[in-house]
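# Overview (structure and organization)
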Amino acid sequence: MNIYVLGVALHPAVGNERTMRLEEMAYHTARSALDHAGISRKQLDSLTIGACDELDGRPISSMLMSAPAGAYNIDEIKVTDSGASALCLAYARFLSGESELGMVVSWCKSSKTNPESVMLLRGDPFYTRPLGVGTAVSDALFAQAVGEEYGVTEQEVNERVVSAFRKAAGNERGMRHPVPDEASLVASPLDATPLRAAQRAPYTDGAAALVLATDTFLDANPECHPLARLSGVGWASDSYRLEAKRLRAMNSARAAWQTALSRAGLKDADDLDVIELDSQTGYHEAAYVRAFGIKKQDAVSPSGGPFAQNPYFCTGLVNAVEAVLQVSNQAGAVQRDGVRRAAAHGCHGCAQQGNVVMVFEAAQRGGQ
Amino acid sequence: MTETVAVLGTFQTPFRTRHLDHTFAEQAQLAAVGAMNDAGMTPDDVDAIIFSLAPSHFMGVADADRWSLDYVFGAGKPVMRVHTGGATGGSAVQAGYNLIRSGLYRSVMIVGAERIAETPDAQKVLNLIFDQFYERDMPLSTNTTVALWATAYLHRHGFTQEDMARVVVRARRNALKNPNAHLKGDVTIEEVMASPMISYPLKLFDICPRSSGSAAMILGNMDMAKSFSTRPAFINGAASRTTTYWLGDRMTPSTDSEYFDCKIMEQVGQFALRNARITDPLNQIQVTEFYDPYSIMTPIQLEQLGFCAPGTAYRLEREGYWNVEGGAVAVNPSGGTLCTNPIAVTGLVRAIDAANQIMRKAGTMQVPGVKNAVSSSVGGIAQFYNCTVFGDEPRGH
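Cut-offs used in this document
- Each residue is numbered by its place in its chain's sequence as written, counting from 1.
- Chains carry letters and ligands carry numbers; both start at the beginning, A for chains and 1 for ligands, and go up in the order they are written.
- Totals for whole chains, interfaces and linings use every residue, but because this is a predicted model, local features are given only for residues with pLDDT of at least 70 and side-chain atom pairs only at 80 or more, for both listing and counting.
- The secondary structure listing takes helices from DSSP runs of H or I that are at least 4 residues long and strands from runs of E that are at least 2 residues long, numbered from the N terminus.
- In this description the radius of gyration comes from C-alpha coordinates, and the expected globular size is given by 2.2 Å times residues to the power 0.38.
- Here a residue counts as buried when 20 or more other C-beta atoms fall within 10 Å of its C-beta, as exposed when 12 or fewer do, and as partly exposed in between; the C-beta atoms come from the backbone.
- We call two residues in contact when the distance between their C-beta atoms, placed using the backbone, is within 7 Å.
- Buried Ala, Val, Leu, Ile, Met, Phe, Trp, Tyr and Cys residues whose C-beta atoms connect them within 7 Å together make up a nonpolar core.
- Here the expected span of a helix is defined as 1.5 Å times the quantity of residues minus one.
- Taking the helix axis as origin, the arc is that swept by the directions to the C-beta atoms.
- Convention adopted: a line fitted to C-alpha atoms gives each axis, helices being fitted over their contacting stretch, and angles between N-to-C directions are expressed from 0 to 180 degrees.
- Here a crossing is called left-handed whenever its near helix is offset anticlockwise from the far helix by less than a right angle, and right-handed whenever the offset is clockwise.
- Residue polarity follows a fixed list, in which Ala, Val, Leu, Ile, Met, Phe, Trp, Tyr, Cys and Pro are nonpolar, Asp, Glu, Lys and Arg are charged, and the others, Gly among them, are polar.
- Roughly parallel refers to an angle under 35 degrees, roughly antiparallel to one over 145, roughly perpendicular to one between 65 and 115, and oblique to any angle outside these ranges.
- What pLDDT expresses is the predictor's confidence in each residue, scored from 0 to 100.
- Two strands qualify as a pair provided DSSP detects at least 2 bridges between them.

## Some words on the overall build of chain B
Helix and strand content of chain B: 13 helices and 12 strands. Against the globule reference of 21 Å for 397 residues, chain B gives a C-alpha radius of gyration of 19 Å, in line with a compact fold. The C-alpha extent of chain B, read off along each of the three principal axes, is 55 × 45 × 45 Å. Considering chain B as a whole, with its 397 residues, one finds that 65% of them fall into the buried category. Partitioning the contacts of chain B with sequence separation of at least 6, the portion at a separation of at least 24 is 79%.

Next up, the structure:
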């Protein structure tokens, strides 16, 4: 069975969405994805939501959010790890024959609920929480670990950050933040050693949606044209402990990467034309490029990744949309030439406890 | 080509208000180890994990599944958390079923824990699930909204509070044989009627307890079933539906998901039962394990899943139709959710109790000759409904 992407949508990048409630953001994004796919909501038979109660600011947030996201009298489920994780479960739902036409929707209004506070609440009450380990500290521990493991220098980190901002500046779907120079990065304050404030991707508000369908649906609806084929997904988690061994090994990232490529029938990073990485800092990009064995630097995050927009919980799913746009030649100003296969990466949890990789191919169906 | 999905091992702890002897993560580990022991498996035999965890607001550690990851042997594995409110456990089983049936993994452990009594009053947390502009200040809670539901149902079908009480009497009597049940005992209709009124017509005994504990279930494909189980239960049907958040929209004449008779249950039931080739639930299903945290929710599920006609389940209750001994169908031989409600894993426990009946592992609760059993879970004021059909052999798909 093949699984195709029929339509995608992103909420317009914004640092602080003051004109819409969260449910309105989800509604407009889902509506846009359905329109992009050329189908109606009533045709859907499944919805897979990626959302986090704590970031949404209410318990069982899918009660309020499921209908705006497209679920009304259909099979809906919510995954709380990340938006990209929801795409993985949707992939399984399709392969198991449960769905023929479904949508994956995820969102995050970072301006409404401070992600740092939520991450602090994720600390176990006995050891981690009293230490105040949240996003900044755990990312800094990761930066220290991979810096030592791979010999990543601050100069390389700064070059990667400037490059990411420069690519993001060309992405009409991104924030188009001003591109900093390396001197300003070095001068920015240390959030937690060795991580400086300007080396981190700024949080934004956003939402992402993808409409997925099987061969069966497309056979019955020849007027629908796929944008891409979802050829493989992989996900894995690491230990909760923030010890150096775990941080240096990046085991879950490697496992997710290898699983997704294997399912897609690919050998290594050289088989991919674009790889959209969820690099929350310059250290992350330096680490992931090495862990994934990416040699083609120009294949890395042409969208700018989180430095274009970073709706924290769903940044991985934003990357998936960017990857689909690349293989369907619809990426606009950041489009790369001749993209046949693109991978999207997402990570979640303290110091990237979980990693997700999704592989998309140009749609090869019925001569399209 | 999809894979057959079998239940290979299950485990649940005793449920009570508090488990002061273990942390949340340790509770989850107890369940994981218990299910692996039951299946004769080691952590290496488990390919992937689905964590069943409803709002972590109850226990105060956000996304506590991450804290528990090492405890359930998840480091290095594909792990995912599912959360659909009260329906979480059922949704988690369905997600595990998807991972196996799709062919992505050979075996999946569904595991979770609940520690709801960490919050002094769960109803105050549950008030926060409602709309902050219109509904929270009324104040809506699960108790008050189900009270509206019960009032309408009793009025519509001509039943009384005594009919509700009869469900409680049967449930607590059944739970006497369940070593893990939180509430159990030989209570009388008069004692139920005399219990304190919480929200008319719901009295204290009509309402589930706040339970803590943990549970796990291991699913596998046919190859794993041959290796690890001599009598597995097979998941022959699984389905869920979500309807509108807004209760008012479910009360209009033109609604297509009516609140008081809970039509969403009928839609899910028809789908899941059809997948399992069940055409006559009353005669083909021997055991139900319904998610029924209120005494009003048992008859509605019996009616909407096709065990009896709408508006007749309470009358049949009077005649003993739903008794374990001498009844037409053994309804909640475990005592059900009325006796034990650890929200994060309640749907999972329902599925475990149903699967155990197929696997002949229900102990003193065992009903003889069970070929098919059904479990359910309900979340978000009956906004989410999930149904799983277990059989003693693969049927349907």
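## Examining the overall build of chain A
Looking only at helices and strands, one finds 14 helices and 11 strands in chain A. Here chain A has a C-alpha radius of gyration of 19 Å; the compact-globule value for 368 residues is 21 Å, and the two agree. If you line up chain A on its principal axes, its C-alpha atoms span 55 × 45 × 35 Å. Burial statistics for chain A: of 368 residues in total, 64% are counted as buried.

## Remarks on the nonpolar core
Residues A:Val5, A:Leu87, A:Leu210, A:Val324, A:Met358 and B:Met217 are the most contacted members of the largest nonpolar core, which totals 280 residues. With 11 residues, helix H13 (residues 343–359) of chain B is the single largest residue contributor to this core. Residues within four places of A:Met358 in sequence aside, it is in contact with A:Ala84, A:Leu87, A:Leu230, A:Val233, A:Ala260, A:Ala320, A:Ala343 and A:Ala344.

## Brief notes about helix H1 (residues 22–37) of chain A
Residues and elements named next belong to chain A. End to end, H1 covers 23 Å across 16 residues, agreeing with the expected 22 Å (1.5 Å per residue, within 8%). Turning to H1, its buried residues number three or more, namely Leu22, Met25, Ala26, Thr29, Ala30, Ala33, Leu34 and Ala37. On an axial view of H1, the arc spanned by its buried residues comes to 160 degrees, and they lie on one face. Elements that come into contact with the buried residues of H1 comprise strand E1 (3–10), helix H2 (53–56), helix H3 (62–65), strand E4 (101–109) and strand E7 (205–214). Phi for glycine 38, located one or two positions after H1, is positive at around 75 degrees.

## Looking at the packing of helix H4 (residues 83–95) of chain A against helix H3 (residues 88–101) of chain B
The packing of two helices is summarised by the inter-axis angle and the distance between the axes. The N-to-C vectors of H4(A) and H3(B) enclose an angle of 65 degrees; their axes lie 8 Å apart at closest approach. When the axes of H4(A) and H3(B) are compared, the crossing they make is left-handed. Where H4(A) approaches H3(B), its residues A:Leu89, A:Ala92 and A:Arg93 are matched on the opposing element by B:Ala95, B:Asn98 and B:Leu99. Residues of the contact of H4(A) with H3(B), tallied by class, amount to 4 nonpolar, 1 polar and 1 charged.

## Side note on the environment of B:Gly9
Residues and elements named next belong to chain B. With respect to the helices and strands, the residue glycine 9 is situated in strand E1 (residues 6–12). The exposure class of glycine 9 is buried, given the 28 C-beta atoms found within 10 Å. Counting along the chain gives 170 residues from glycine 9 to proline 179, while the straight-line C-alpha distance between them is 18 Å. Those residues in contact with glycine 9 that sit more than four places away from it in its chain are Ala35, Met36, Asp38, Ala39, Met41 and Ile218.

## Some words on the interface of chain A and chain B
Buried accessible area, meaning the area lost when the parts come together, often serves as the stated size of an interface. Opposite the 46 residues of chain A that make contact, chain B presents 46 residues. Every element with two or more residues in the side of chain A that touches chain B is listed here: H2, H3, strand E3 (75–79), H4, helix H5 (115–121), strand E8 (228–237) and helix H12 (251–263) of chain A. Here the side of chain A that touches chain B is composed, by residue class, of 20 nonpolar, 13 polar and 13 charged.

## Remarks on the packing of helix H8 (residues 154–169) of chain A against helix H13 (residues 282–291) of chain A
Residues and elements named next belong to chain A. Contact geometry for H8 and H13: axes closest at 8 Å, N-to-C directions at 100 degrees. By the angle between their axes, H8 is roughly perpendicular relative to H13. Of the residues in H13, those touching H8 at Glu156, Val157, Asn158, Arg160, Val161 and Ala164 are Gly282, Tyr283, Glu285 and Ala286. Here the contact of H8 with H13 is composed, by residue class, of 5 nonpolar, 2 polar and 3 charged.

## A few points about the environment of B:Leu30
Turning to its location among the elements, B:Leu30 is positioned in helix H1 (residues 24–39). Those residues within four positions of B:Leu30 in sequence are excluded, and the remaining contacts are B:Thr13, B:His22 and B:Ser214.

## With respect to the confidence of the model for chain B
For chain B, the mean per-residue pLDDT works out to 96, and 100% of the residues sit at or above 70. Quick note on the complex model: pTM equals 0.98, ipTM equals 0.97.

## Looking at the pairing of E7(A)
Residues and elements named next belong to chain A. In terms of burial, E7 is a largely internal element, 9 of the 10 residues being buried. In terms of strand pairing, E1 meets E7 through 7 bridges, oriented antiparallel. Bridge pairing in E7 places tyrosine 4 opposite alanine 213. Note: E4 against E7, 9 bridges, orientation antiparallel. Bridging from a neighbouring strand, glycine 102 pairs with leucine 212 of E7.

## A few points about the environment of B:Gly90
Residue and element names in this part refer to chain B. In this fold, glycine 90 is placed in helix H3. Considering only alpha carbons, one finds glycine 90 and threonine 388, 298 residues apart in sequence, at a separation of 7.5 Å. When near neighbours in sequence (up to four residues on either side) are disregarded, glycine 90 contacts Gly347, Arg350, Ala351, Ser375, Ser376, Ser377, Asn386 and Thr388.

## Description of helix H7 (residues 135–150) of chain A
Residue and element names in this part refer to chain A. Along its 16 residues, H7 runs 22 Å from first to last C-alpha, staying within 8% of the 22 Å computed at 1.5 Å per residue. Three or more residues of H7 are buried, namely Thr135, Val137, Ser138, Asp139, Ala140, Leu141, Phe142, Ala143, Ala145 and Val146. As for H7, its buried residues are in contact with H5, strand E5 (190–192), strand E6 (195–196), helix H11 (244–249) and H13. Where H7 ends, the next residue or the one after it, glycine 151, has phi of about 65 degrees, a positive value.

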